[in-house]
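Fold and contact review
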Amino acid sequence: MKKDLIRVDELLTEEEILIRNSVKEFVKQKINPIIEENFRSGNFPLHIVKDLAGLGLLGAYLNGYECAGINNVSYGLALQELEYGDSGIRSFCSVQTSLVMWAIMEYGSEEQKSYWIPKMAKGETIGCFGLTEPDYGSDPGSMVTKAQEDGNYWIINGSKMWITNGSIADVAVVWANSKKGIKGFLVEKSSPGFSTRDIKGKFSLRASVTSELIFEDCRVHRDNMLPKAKGLRAPLSCLNQARYGIAWGALGAAFACYETALEYSKSRIQFGKPIASFQLVQNKLVWMLNEIVKGQLLALRTGRMKDEGKASHVLISLAKRNNVEIALEVCRMARDILGASGITDEYPVARHMLNLESVKTYEGTHDIHTLIIGEDITGIESFR
């Protein structure tokens, strides 16, 4: 950010700054020139996957299996810069890393880890994460997708909805109910009985692939079951990893909109002077910067605690909830400052604003995170 009131770089290591700046330059050179056209056409720029792999961003904070092994703060800063470009780009990286690769690393067998993770780190294989269903989003424990044992195979029936990377994924981490509880499976694209259908007509995350996964007597070999995943706690722990990254990513969108609004306000002349000279506009800009600064500190503290193994799921919910909410409000204020120009794709503001409407909902809605935090501070569960 051009105006760094709290001198964030003084709180970062040289390596963290280098990683952030490298991703920032990548976004400037490779994402910004193409992203508006991808948003217009509703296509994900698939060719950038190898670039993301080359930067070490796929599985970035995982250790071993050809992953970069950077710390969580560095990873967060990288996602912040990716979302400065577009939420869809950051979403791809988040899903690949935190929902798929981390799930395999945490719950997979050694054979599964050795086979899948290096391929995914190099961008040779794309993954997706199938938990949400058409009728069950915030209540995944009620999922109706079923898995039934059949000799050396599991037979899966059901569907998953709103799945990022769905139709371009080579493998899906799929969660299903069985007589032995909720199980996780690695469902390969070629598995019989497995198909995908892209969701069209989106106003949000248009530069991202969003799909339905369909399982009709889908046969999955028992070796493709995640052996260490037992119960609902397993998929929820994966979501916790992704929520952390979102807390950083949302700040990237906020930065983009704040900086756009600031520059626009200095050059837009009304009543004989730039609108930046008017008190009401300055009030909006101050609010935006104020909230971004607080969001930076919250994300950084969460990252440091995560690197120390001390970041609770409640803290991560707090960071995701706060930073997405303020980022969305920053986008709305920026749109207001830009006036009619704010609704065109000549500027990135409306695109970020539309994207953040989805980001506020996925990986736990704003209200669900409120209840997670509320239960922690009162000791009373209010979900049911």
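In case you missed it, the structure is sitting above this.
Right, let's walk through the structure included here. As a convention, each chain's residues are numbered from 1 in the sequence order in which they are written. This being a predicted model, a pLDDT of at least 70 is required before a residue's local features are given, and a value of 80 or more before pairs of side-chain atoms are given or counted; all residues contribute to the totals for chains, interfaces and linings. Excluded from the side-chain calculation are hydrogens and water; included are all heavy atoms of the structure.

1. Things to note about the pattern of salt bridges
For salt bridges, the criterion is a side-chain nitrogen of Lys or Arg within 4 Å of an Asp or Glu carboxyl oxygen. Counted under the stated rule, the structure contains 20 salt bridges. Measuring nitrogen to oxygen at the nearest pair gives 3.0 Å for the salt bridge that ties Lys294 to Glu291. With Lys294 and Glu291 both in helix α8 (residues 279-307) and three residues apart, the pair spans about one turn of that helix. On the accessibility criterion, Lys294 (44% relative accessible area) is partly exposed. What makes Glu291 buried here is its relative accessible area of 11%. Among the charged side chains, a salt-bridge network with shared partners connects Glu36, Asp86 and Arg351. Helix and strand definitions here come from DSSP, where helices need a minimum of 4 consecutive H or I residues and strands a minimum of 2 consecutive E residues; each element is numbered from the N-terminal end. Exposure categories follow from relative accessible area, calculated using a 1.4 Å probe and restricted to protein chains: below 20% of the type maximum is buried, above 50% is exposed, and the middle band is partly exposed.

2. Remarks on the layout of surface pockets
Points on a 1 Å grid, built from protein atoms alone, make a cavity when a 1.4 Å probe fits but cannot get out and make a pocket when they are open with protein on both sides within 12 Å along at least 5 of 7 lines; residues with an atom within 4 Å of a point are the lining residues. Grid points are joined across faces, edges and corners, and a volume is the space filled by probe spheres set on the points. Estimated volume of the largest pocket: approximately 1500 Å³. Broken down by element, the residue count for the lining of the largest pocket peaks at six residues, all from helix α7 (residues 233-267).

3. Description of helix α6 (residues 110-121)
In this model, α6 (twelve residues) spans 16 Å end to end at C-alpha, consistent with the 16 Å of a helix rising 1.5 Å per residue. The set of residues buried in α6 consists of Gln112, Lys113, Trp116, Ile117, Pro118, Met120 and Ala121. Contacts from the buried residues of α6 go to α3 (49-54), α5 (87-107), β1 (127-130), β4 (171-178) and β5 (181-188). An expected span of 1.5 Å times one less than the residue number is assigned to each helix. Note on contacts: a residue pair is in contact if any heavy atoms of the two residues lie within 4.5 Å.

4. A few points about empty space enclosed by the protein
Per the stated rule, a full pass over the model turns up one cavity of 30 Å³ or more. Considered as a void within the structure, the largest cavity measures approximately 40 Å³ in volume. If you go around the largest cavity, the residues you meet are Arg90, Ser91, Ser94, Val95, Thr164, Ile246, Tyr362 and Glu363. If you tally residues by element for the lining of the largest cavity, the top one is α5, at four residues.

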